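# Fold and geometry: a report
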Amino acid sequence: MRQTLVVFSGAGMSADSGLKTFRDHGGLWEEYNVYDVATPEAWDRNPDMVTRFYNMRRKQLLEAEPNAAHKAISQLEKKFDVRVITQNIDDLHERAGSSKVLHLHGELRKVRSSIRPDLVYEWDGWEVRPEDVCELGSRLRPHVVWFGEEVPMMLPAMDWVRKADLFLVIGSSLNVYPAAGLLYDVPPGTPILAIDPGDLDLSSFPNAHQIRGRAAEMLPAITRKWLENEILAHP
Ligand code: APR
């Protein structure tokens, strides 16, 4: 029976692909007020500004490539059951070859009707214009979870977490709930490993251990060792 690795990734996972994080120095929330671009109220107040914010991020994503960390995670599927729970709205895990990816906060490459959330559309280009509408004629909004909105994928994510033989946190400040609350669902005997250059507060998790460093630098050697030994364990 293959061991199960559950990955919980945040913006730091894509930092080495050139995409900005949110709360680091120079992060997106230093440049934009989250209440102007990432809330339902912002959409109601100024849909053009919200649309421009996500157009700019979509444009950057089209120019970005998966980094060594994304590729290292996808390689683990050779020997392990790998399930990626990501807070990221980019598609870099998928483009690196990961086959089980669950997006807690939505997907930048999809848009949806602003009046019927079940009408979701893949969006190939980077630009959504005010005149782009759904089949019912309403404006297209990003298919992302804004602050104050429900996180519909939490239950499937919790189900995955409970199956973990190792829980790997990559590039998340663990600031945003309910997503960060998934750490409390990790089975008691399952090790938690966090890869992050910054200061994480893991004091609530006796089974947790942080490796300080950038994901693209640290992950390839760790995953190579797991593949060679055919076992998931603290490196
Ligand atoms: N490798 C690994 N970790 C990194 C790297 C890197 N190269 N660069 C930065 N980090 C770490 C930072 O130290 C920080 O802990 O990534 C984390 C990024 O934290 P945030 O910017 O808060 O991003 P995230 O945790 O994903 O935010 C969660 O907040 O704004 C919302 O919806 C948004 O999904 C996002 C959520």
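Figured I'd write up the structure that's included with this text. (Residues numbered from 1 in each chain as written. Predicted model: local features only at pLDDT ≥ 70, side-chain atom pairs only at ≥ 80, totals over all residues. Heavy atoms only, no water.)

Next up on the list: the packing of aromatic side chains. Applying the stated criterion to the full structure yields nine aromatic pairs. Judged by centre distance (4.8 Å) and plane angle (55°), the rings of Tyr184 and Phe205 are tilted. Taken together, the positions of Tyr184 in the loop between β7 (166–170) and β8 (192–195) and Phe205 in the loop between β8 and β9 (208–211) put the pair 21 residues apart, joining distant regions of the chain. A relative accessible area of 52% places Tyr184 in the exposed class. (Phe/Tyr/Trp six-rings, centres within 6.5 Å; stacked < 30°, edge-to-face > 60°. Helix = DSSP H or I, 4+ residues; strand = E, 2+ residues; numbered from the N terminus. Buried < 20%, exposed > 50% of the residue type's maximum accessible area, 1.4 Å probe, protein only.)

Lining the immediate surroundings of the ligand are 23 residues, of which Phe22, Arg23, Ser172, Ser173 and Asp196 lie closest. Protein contact buries 94% of the 740 Å² of open area that the ligand shows by itself. Taken together, the residues of the shell around the ligand break down into nine nonpolar, nine polar and five charged. (Near = heavy atom within 4 Å. Areas by Shrake-Rupley, 256 points an atom, 1.4 Å probe, with all protein chains shown as cover. Nonpolar A, V, L, I, M, F, W, Y, C, P; charged D, E, K, R; others polar.)

Looking now at the pattern of salt bridges. Per the counting criterion, the structure on display carries 18 salt bridges. With a shortest N-O distance of 3.7 Å, Asp36 and Arg45 are connected by a salt bridge. A relative accessible area of 53% places Arg45 in the exposed class. Residue Arg212 is joined to Asp199 by a salt bridge in which the shortest nitrogen-to-oxygen separation is 2.5 Å. Here Asp199 lies in the loop between β8 and β9 and Arg212 lies in the loop between β9 and α9 (215–229), a separation of 13 residues in the sequence. For Arg212, a relative accessible area of 49% gives the class partly exposed. Residue classification places Asp199 among the exposed positions, given a relative accessible area of 68%. The network of salt bridges with shared partners includes Glu65, Asp91, Arg95 and Arg109. (Salt bridge = Lys/Arg side-chain N within 4 Å of Asp/Glu carboxyl O.)

Take the nonpolar core next. Ranked by size, the top nonpolar core spans 25 residues in total, and within it Phe8, Ile85, Leu104, Phe167, Val169, Leu182 and Leu183 carry the most contacts. Those elements giving two or more residues to this core turn out to be β1 (4–9), α8 (154–161), β7 and β8. Residue contacts for Leu182: discarding those within four places in its chain leaves Phe8, Ile85, Leu104, Met154, Ala157, Met158 and Val161. Of all hydrophobic cores here, the second largest spans 23 residues; its members include Leu5, Val7, Ile73 and Ile222. (Core = buried A, V, L, I, M, F, W, Y, C linked by side-chain atoms within 4.5 Å. Contact = heavy atoms within 4.5 Å.)

Turning our eyes to something else, we now look at the layout of surface pockets. The calculated volume of the second largest pocket comes to roughly 220 Å³. Lining the second largest pocket are 13 residues, and of these Gly106, Arg112, His143, Val145 and Pro152 sit closest to its centre. Taken together, the elements giving at least two residues each to the lining of the second largest pocket come down to β4 (106–113) and β6 (140–144). It is β4 that provides the largest number of residues to the lining of the second largest pocket, a total of three residues. (1 Å grid on protein atoms, 1.4 Å probe; cavity = no way out; pocket = protein on both sides within 12 Å on 5 of 7 lines; lining within 4 Å. Points joined across faces, edges and corners; volume = space filled by probe spheres on them.)

Next up on the list: the side chain of Thr86. Following the sequence through the fold, Thr86 ends up in strand β2 (residues 81–86). Note on Thr86: relative accessible area 0%, which makes it buried. With residues near it in sequence (within four places) discarded, Thr86 still touches Ser9, His93, Val101, Leu102, His103, Leu104 and His105.

Right, let's talk about the environment of Gly10 for a bit. Secondary-structure assignment places Gly10 in the loop between β1 and α1 (12–15). Assessed through its relative accessible area of 1%, Gly10 is described here as buried. Among all residues touching Gly10, those that are not within four sequence positions of it are Gln87, Asn88, Ile170, Gly171 and Ser172.

As a further point, take the sheet that holds β9. Taken together, the six strands give an open sheet; going across it, the order is β3-β2-β1-β7-β8-β9, and neighbouring strands pair in parallel fashion. Whereas interior strands pair on both sides, the edge strands pair on one side only; in this sheet they are β3 (101–103) and β9. On average, each strand axis in the sheet is inclined to that of its neighbour by 20°, with strand direction left out of account. Each of β1, β2, β3 and β7 is contacted by α8, which is oriented at about 145° to β2, the strand it contacts most. (Pairing = 2+ DSSP bridges. Axes fitted to C-alpha atoms, helices over the stretch in contact; angles between N-to-C directions.)

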